[in-house]
Amino acid sequence: MRRRERALAVAAALAATGVSLVLDAPPVSLVPTAALYGATGFYIARHPDVVRGRSELSDPDWAAGALGGGLTLGLFGLTTVDAPPWLLVYAFGLAVFGFAVGVAWARSRPEPT
């Protein structure tokens, strides 16, 4: 693991755990939140264009667009229910983790010929 990936993983884990503590998350949820955001930070550091898009493309970057649209719809749906704020932090991490891992998995597969 490269230094940048490791640093982003640790920073994401610490930030998410801190936010969860401020939002009165139950202690049992702090470890999974830290692990979830740490892994998400690792995958985003490895594939940063998932978040910011690829500038060399002339077509729209569907990966970055799908991430933004999916997070917007998912978080809007969560805010319409009476979920505690710490659960929104965890749900956001699940959404980003799932998307980032999906992109990383798709890119690790060989291109079909």
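In short, a report on the structure. Computed from a predicted structure; not experimentally measured.

### Brief notes about the pattern of salt bridges
Right, on to step 1. Tallying each qualifying case throughout the model produces 2 salt bridges.
Right, on to step 2. With a closest N to O distance of 2.8 Å, Glu5 and Arg2 form a salt bridge.
Right, on to step 3. Owing to a relative accessible area of 51%, Arg2 belongs among the exposed residues under this scheme.
Right, on to step 4. Among the ionic pairs, Glu5 bridges to Arg46, the shortest N-O distance being 3.0 Å. You can see Glu5 sitting in helix α1 (residues 3–22) and its partner Arg46 sitting in helix α2 (residues 30–46), a full 41 residues away along the chain.
Right, on to step 5. Overall, Arg46 belongs to the partly exposed group, its relative accessible area being 38%.
Right, on to step 6. One network of salt bridges, in which partners are shared, links Arg2, Glu5 and Arg46.

### Notes on the packing of α1 against α2
Right, on to step 1. Closest axis-to-axis distance for the α1/α2 pair is 7 Å, and the angle between their directions is 145°. As for the relative orientation of α1 and α2, their crossing is right-handed in sense. Taken together, the residues of α2 that come into contact with α1 (itself represented by Arg4, Glu5, Leu8, Ala9, Ala12, Ala13, Ala16, Thr17, Ser20 and Leu21) are Leu30, Thr33, Ala34, Tyr37, Gly38, Gly41, Phe42, Ile44, Ala45 and Arg46.
Right, on to step 2. Class assignment of the residues belonging to the contact of α1 with α2 gives a composition of 12 nonpolar, 5 polar and 3 charged.

### Overview of a nonpolar patch on the surface
Right, on to step 1. Taken together, the side chains of Val19, Val22 and Leu23 make up a nonpolar region of the molecular surface, amounting to roughly 240 Å² of accessible area.
Right, on to step 2. Mapped onto the elements of the fold, Leu23 is located in the loop between α1 and α2.

### Observations concerning the environment of Val96
Right, on to step 1. Within the secondary structure layout, Val96 lies in helix α5 (residues 85–108).
Right, on to step 2. Remark: the alpha-carbon pair of Val96 and Tyr37, spanning 59 residues in sequence, is separated by 8.7 Å.

### Thoughts on the side chain of Thr40
Right, on to step 1. By the secondary structure assignment, Thr40 is in helix α2.
Right, on to step 2. The residues touching Thr40, leaving out its near neighbours within four places in the chain, are Gly93, Val96 and Phe97.

### Re unusual backbone geometry
Right, on to step 1. Phi at Asp24 is positive, roughly 60°, even though this residue is not glycine.
Right, on to step 2. Looking at where Asp24 falls in the secondary structure, it is placed in the loop between α1 and α2.
Right, on to step 3. With relative accessibility at 65%, the residue Asp24 sits in the exposed group.

### Here's the deal with the side chain of Ser29
Right, on to step 1. Relative to the assigned elements, Ser29 resides in the loop between α1 and α2.
Right, on to step 2. The class of Ser29 is buried, set by a relative accessible area of 10%.
Right, on to step 3. Within the structure, the side chain of Ser29 is placed 2.9 Å from the backbone oxygen of Pro26, a separation counted as a polar contact.

### Digging into the packing of aromatic side chains
Right, on to step 1. Per the counting criterion, the structure on display carries 2 aromatic pairs.
Right, on to step 2. Where Tyr43 meets Phe97, the ring centres are 6.4 Å apart and the plane angle is 65°; that geometry is what we call edge-to-face. Of the two residues, Tyr43 is situated in helix α2 and Phe97 in helix α5; the sequence distance between them amounts to 54 residues.
Right, on to step 3. In this structure Tyr43 comes out as partly exposed when scored by relative accessible area, which is 26%.
Right, on to step 4. The exposure class assigned to Phe97 is partly exposed, which follows from its relative accessible area of 27%.
Right, on to step 5. Through a chain of ring-to-ring contacts, the aromatic side chains of Phe42, Tyr43 and Phe97 assemble into a single cluster.

Basis of the calculations
Residues numbered from 1 in each chain as written. Predicted model: local features only at pLDDT ≥ 70, side-chain atom pairs only at ≥ 80, totals over all residues. Heavy atoms only, no water. Salt bridge = Lys/Arg side-chain N within 4 Å of Asp/Glu carboxyl O. Buried < 20%, exposed > 50% of the residue type's maximum accessible area, 1.4 Å probe, protein only. Helix = DSSP H or I, 4+ residues; strand = E, 2+ residues; numbered from the N terminus. Axes fitted to C-alpha atoms, helices over the stretch in contact; angles between N-to-C directions. Left-handed = near helix turned anticlockwise from the far one by under 90°. Contact = heavy atoms within 4.5 Å. Nonpolar A, V, L, I, M, F, W, Y, C, P; charged D, E, K, R; others polar. Patch = residues over 30% accessible without salt bridge, like charges linked within 9 Å, V, L, I, M, F, W, Y side chains within 5 Å. Areas by Shrake-Rupley, 256 points an atom, 1.4 Å probe, with all protein chains shown as cover. Polar contact = N/O pair within 3.5 Å; in protein donor to acceptor, adjacent residues only side chain to side chain. Phe/Tyr/Trp six-rings, centres within 6.5 Å; stacked < 30°, edge-to-face > 60°.

In short, the description is geometric, and any link to function would need to be established separately.
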